[in-house]
Amino acid sequence: MGFHEVRFPANLSFGSLGGPERRTDVVTLANGHEERNTPWAHSRRRYDAGLGMRSLDDIEVLIAFFEARRGQLYGFRWKDWSDFKTGRASAEVNFADQVIAVGDGVIRDFQLVKTYISGDHSYTRPIAKPVLHSVKIGLDGDALQESIEYSVDHLTGMVHFDHPPDEGAEIQAGFEFDVPVRFDVDRIMTSVASFQAGDAPDVPVVEVRV
């Protein structure tokens, strides 16, 4: 899969509309009860980039970005302003935001994840595109130093420890992250007259699996 490690302009994605999508198969039985199942282990996010356009200059930037990605051909990074960090939106990133794994004394490589909790239930989302220099790692409540005790692959979201964490040790992480996406169309229809009248172009963007 072709992917460009470049972020869609964050000031343009700020006004976009979108969020997670799930796929659920619902079968209604003869007695009125339902059976529900899903072929997806993880949600997929969709956005409309057109709603973030505020000026003709923004449209020009959008078209240039679209052309450089060759439409749907190449993926890119997207900042989801409603969900882009491991802690609360109002809080600074802290290494203790998430527990991403528990050490076993052998494994050195761990995937960054974000866990969403509601009541007794939770969902763990793999994070493949952390923001450069934003990742903070801790071990059992102690902050670690990057490049000395661990390293981060910002292209895949993998964390590598120089020494495997001890068995039972909680591996903690805090970071900002982008969503890997692509344009969901191969054409953009714009009109200066329509834009000045308040109409935004339709520019759908969809998350890709990496």
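For the structure itself, look to the data block above.
Attention here is on the structure that accompanies the text. What you are looking at is a predicted structure, and each value in this text was computed from that prediction instead of being measured.

Calculation rules
Residues numbered from 1 in each chain as written. Predicted model: local features only at pLDDT ≥ 70, side-chain atom pairs only at ≥ 80, totals over all residues. Heavy atoms only, no water. Helix = DSSP H or I, 4+ residues; strand = E, 2+ residues; numbered from the N terminus. Expected span 1.5 Å × (residues − 1). Buried < 20%, exposed > 50% of the residue type's maximum accessible area, 1.4 Å probe, protein only. Pairing = 2+ DSSP bridges. Salt bridge = Lys/Arg side-chain N within 4 Å of Asp/Glu carboxyl O. Phe/Tyr/Trp six-rings, centres within 6.5 Å; stacked < 30°, edge-to-face > 60°. Lys NZ or Arg CZ within 6 Å of the ring centre and 35° of its normal. Patch = residues over 30% accessible without salt bridge, like charges linked within 9 Å, V, L, I, M, F, W, Y side chains within 5 Å. Areas by Shrake-Rupley, 256 points an atom, 1.4 Å probe, with all protein chains shown as cover. Lys, Arg positive; Asp, Glu negative; His and termini not counted. Charge placed at Lys NZ, Arg CZ, Asp CG, Glu CD. Contact = heavy atoms within 4.5 Å.

## Topic: helix H2 (residues 56–68)
Since one α-helical turn is 3.6 residues long, residues separated by three or four positions face the same way.
Move 1: Over its 13 residues, H2 extends 19 Å from the first C-alpha to the last, a length consistent with the 18 Å expected when each residue adds 1.5 Å.
Move 2: Following H2 by one or two positions, Arg 70 has its phi on the positive side, about 60 degrees.

## A look at the pairing of strand E15 (residues 170–174)
Move 1: Within E15, four of the five residues are buried, which leaves it mostly tucked inside the rest of the structure.
Move 2: As paired strands, strand E11 (residues 136–139) and E15 are joined by four bridges and run antiparallel to one another. When the sheet's bridge partners are listed, Leu 139 is paired in E15 with Ile 171.

## Points about the pattern of salt bridges
Move 1: Enumeration over the complete set of coordinates arrives at 11 salt bridges.
Move 2: As a salt-bridge pair, Glu 5 and Lys 129 come within 2.4 Å of each other at their nearest N and O atoms. Of this pair, Glu 5 sits in strand E1 (residues 3–7) while Lys 129 is found in the loop between strand E10 (121–126) and E11, placing the two residues 124 residues apart along the sequence.
Move 3: Residue class for Glu 5 comes out partly exposed when judged on its relative accessible area of 39%.
Move 4: Looking at Lys 129, the relative accessible area reads 4%, which means it is buried.
Move 5: A salt bridge links Arg 46 to Asp 184, with the shortest nitrogen-to-oxygen separation between them at 3.1 Å. Taken as a pair, Arg 46 in strand E5 (residues 44–48) and Asp 184 in the loop between strand E16 (179–183) and helix H3 (192–196) lie far apart in primary sequence, 138 residues in all.
Move 6: Residue Asp 184 is classed as partly exposed on the basis of its relative accessible area of 27%.

## Points about the packing of aromatic side chains
Move 1: Evaluated as defined, the whole model comprises 14 aromatic pairs.
Move 2: Seen from their ring centres, Phe 14 and Trp 81 are 5.0 Å apart, and the 85 degrees between their planes marks the pair as edge-to-face. Residue Phe 14 is located in the loop between helix H1 (10–13) and strand E2 (17–21), and its partner Trp 81 is located in the loop between strand E6 (75–78) and strand E7 (98–102); the two are separated by 67 residues in the primary sequence.
Move 3: Judged by its relative accessible area of 52%, Phe 14 falls in the exposed class.
Move 4: Here the aromatic rings of Tyr 116 and Tyr 123 are separated by 6.1 Å at their centres, their planes lie at 20 degrees, and the arrangement is stacked.
Move 5: An aromatic cluster is defined as three or more aromatic residues linked by ring pairs; in this entry it consists of Phe 8, Tyr 47, Phe 65, Phe 66, Phe 76, Trp 78 and Phe 183.
Move 6: The aromatic ring of Tyr 123 is capped on one face by Arg 22, whose charged end is 4.6 Å from the ring centroid.
Move 7: Over the ring of Trp 81 we find Lys 79, and its NZ or CZ is 3.8 Å from the ring centre.

## So, a negative patch on the surface
Move 1: A cluster of like negative charges, contributed by Asp 104, Asp 140, Asp 142, Asp 166, Glu 167 and Glu 170, occupies part of the molecular surface.
Move 2: Relative to the helices and strands, Glu 167 is located in the loop between strand E14 (158–161) and E15.

## Structural notes on the environment of Leu 62
Move 1: Among the secondary structure elements, Leu 62 is positioned in helix H2.
Move 2: Through-space distance from the C-alpha of Leu 62 to that of Phe 8 is 8.6 Å; in sequence the pair is 54 residues apart.
Move 3: Contacts of Leu 62, omitting those with residues within four sequence positions, involve Phe 8, Met 53, Phe 183, Ile 188 and Val 203.

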